[in-house]
Amino acid sequence: MAIVLTLLGLIAAAFAGEDDASAQSLTGVPDEFRRWLMNASEECEHKELTPALLAAQVKQESGFSTARTTVSGAGAQGPAQFIPSTWATWGRDYNHNGDVDVFEVGDAVMAQGAMMCSLLGQAKSSGFAGDVRGLALAGYNAGWFAVEKHKGIPPFQETRNYVKIILKSMKKFGTLSKGSGLTVRGSGVRADALRKASAQIGTPYSWGGGDAGGPSKGFCDSTNGYLNGRCSASKTVGFDCSSLVQYAYWPKRKLPRTAAAQYRATSDHPVARGNLKQGDLLFWSNGSTPSGIYHVAIYAGDGKVLHAPRTGKDVQVAPLKNAMPSGDYQGATRP
């Protein structure tokens, strides 16, 4: 786990009290869309607006196109296919580059998320029968006035196909609900770090990739970073085990980049396995000595860890007992 490669990542909010972490996954999307799909989902208070739903919608709208020629016969433009009148309502300079541009991924996807979030709110308060996600998607495609007129999904073949395809294809892009699988308790540095890391569930593993700023492409050395005989890391935006930990704790705890260095930086606060708390760091070593440490994970509670396991896998929550070979367990520390 070496070399720091810089890329801006997602900024996770700190929470107080006992809240569910946004343990969402996102797979199968172009790298330039990932950050914005995750952010758009996080900005919405409705749990139904997952990154997977937004990704499936962009796929249906434009096939994740970033070309400035992406314009439909009806005049809808950009990755999220906004018509000019709707863009005038929802368009903002979400990527803070000085332009409000329907063709830019950040502006388009965040506007899509804001509009879908509003439509979900209308769907929930409408009293109309059916999946509120389907009602919101119908509103996006045909206009909410059409949903209200027909008191449900309008009987337009295009709209019904649109809703059906997106709801069916969501599972290709990740988990279908927000806050699933992991509850982070309390507040403070360690709880905040776990929450921040949990927002990266589903991000690919990339040997040498990622740093305090977020995920980035990695690299291959003589033995690491390969998948099926090819260098995967150099083409994969993601984290390895220690960069995920560094990212999670930064800037409240400015931990070093590698797993071995993180152990040295925190070893003055060892924790017995029976006294683990959420946010503690766990380490594995070849030969069971600190000099051989090769992996680090964050304790997620309930006998589970959150970690970036290896090439070909994603950031995930896994049982501690089989996250890594049990004989390699070195110990735990409390940052």
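What comes next is a walk through the structure. Owing to the predicted nature of the structure, the values given are computational and were not obtained by experimental measurement.

1. Focus on the nonpolar core
Counting 46 residues, the largest nonpolar core has Leu-37, Leu-49, Phe-82, Met-116, Tyr-140 and Phe-173 as its most contacted members. If you list the elements that add at least two residues to this core, you get helix 1 (31-43), helix 2 (51-62), helix 4 (105-126), helix 5 (132-142), helix 6 (144-150) and helix 7 (157-169). Ranked by residue count, the leading element in this core is helix 4, at 11 residues. Counting 30 residues, the second-largest nonpolar core is a separate cluster that includes Ile-293, Ile-298, Ala-308 and Val-315.

2. Concerning the state of the cysteines
Two cysteines, two sulfur atoms, one covalent bond between them: this is a disulfide. On inspection of all chains with the given rule, the structure shows two disulfides. The disulfide partner of Cys-44 is Cys-117, and the S-S distance across this bridge is 2.2 Å. Because the sign of the S-S torsion sets the handedness, a value of about 85 degrees for the bond joining Cys-44 and Cys-117 places this disulfide among the right-handed ones. With Cys-44 in the loop between helix 1 and helix 2 and Cys-117 in helix 4, this residue pair connects regions lying 73 residues apart in the sequence. The side chain of Cys-220 participates in a disulfide bridge whose partner is Cys-231; the two sulfur atoms lie 2.0 Å from each other. Given an S-S torsion of about 105 degrees, the disulfide between Cys-220 and Cys-231 has right-handed geometry. Of this pair, Cys-220 sits in the loop between strand 3 (216-217) and strand 4 (226-227) while Cys-231 sits in strand 5 (residues 230-231), placing them 11 residues apart in sequence.

3. A word on the pattern of salt bridges
Scanning the entire structure with this criterion turns up seven salt bridges. Notably, a salt bridge pairs Asp-192 with Lys-252, separated by 2.7 Å at the nearest N-O pair. Pair noted here: Asp-192 is in helix 8 (residues 189-198) and Lys-252 is in the loop between helix 9 (241-249) and helix 10 (259-266), with a separation of 60 residues, a long-range link. Between Asp-240 and Arg-257 there is a salt bridge, with the nearest N and O atoms lying 3.0 Å from each other. On the criterion of sequence distance, the pair formed by Asp-240 in the loop between strand 6 (237-238) and helix 9 and Arg-257 in the loop between helix 9 and helix 10 is long-range, its members being 17 residues apart.

Basis of the calculations
Each chain has its residues counted from 1, following the order in which its sequence is written. With pLDDT at 70 or above as the cut-off, local features in this predicted model cover only qualifying residues; side-chain atom pairs require 80 or more to be listed or tallied, and sums for whole chains, interfaces and linings still use all residues. The side-chain values count all of the structure's non-hydrogen atoms but skip hydrogen atoms and water molecules. In plain words, nonpolar cores are sets of buried Ala, Val, Leu, Ile, Met, Phe, Trp, Tyr and Cys residues tied together by side-chain atoms within 4.5 Å. For every residue, the accessible area obtained with a 1.4 Å probe (protein chains only) is divided by the maximum for its type, and the residue is called buried under 20%, exposed over 50%, and partly exposed between those limits. Per the convention used, a helix needs a DSSP run of H or I reaching at least four residues, while a strand needs a run of E reaching at least two, with both numbered from the N terminus. Cysteine sulfur pairs qualify as disulfides if the two atoms are within 2.5 Å. The working definition used for a salt bridge is a side-chain nitrogen of Lys or Arg within 4 Å of a carboxyl oxygen of Asp or Glu.

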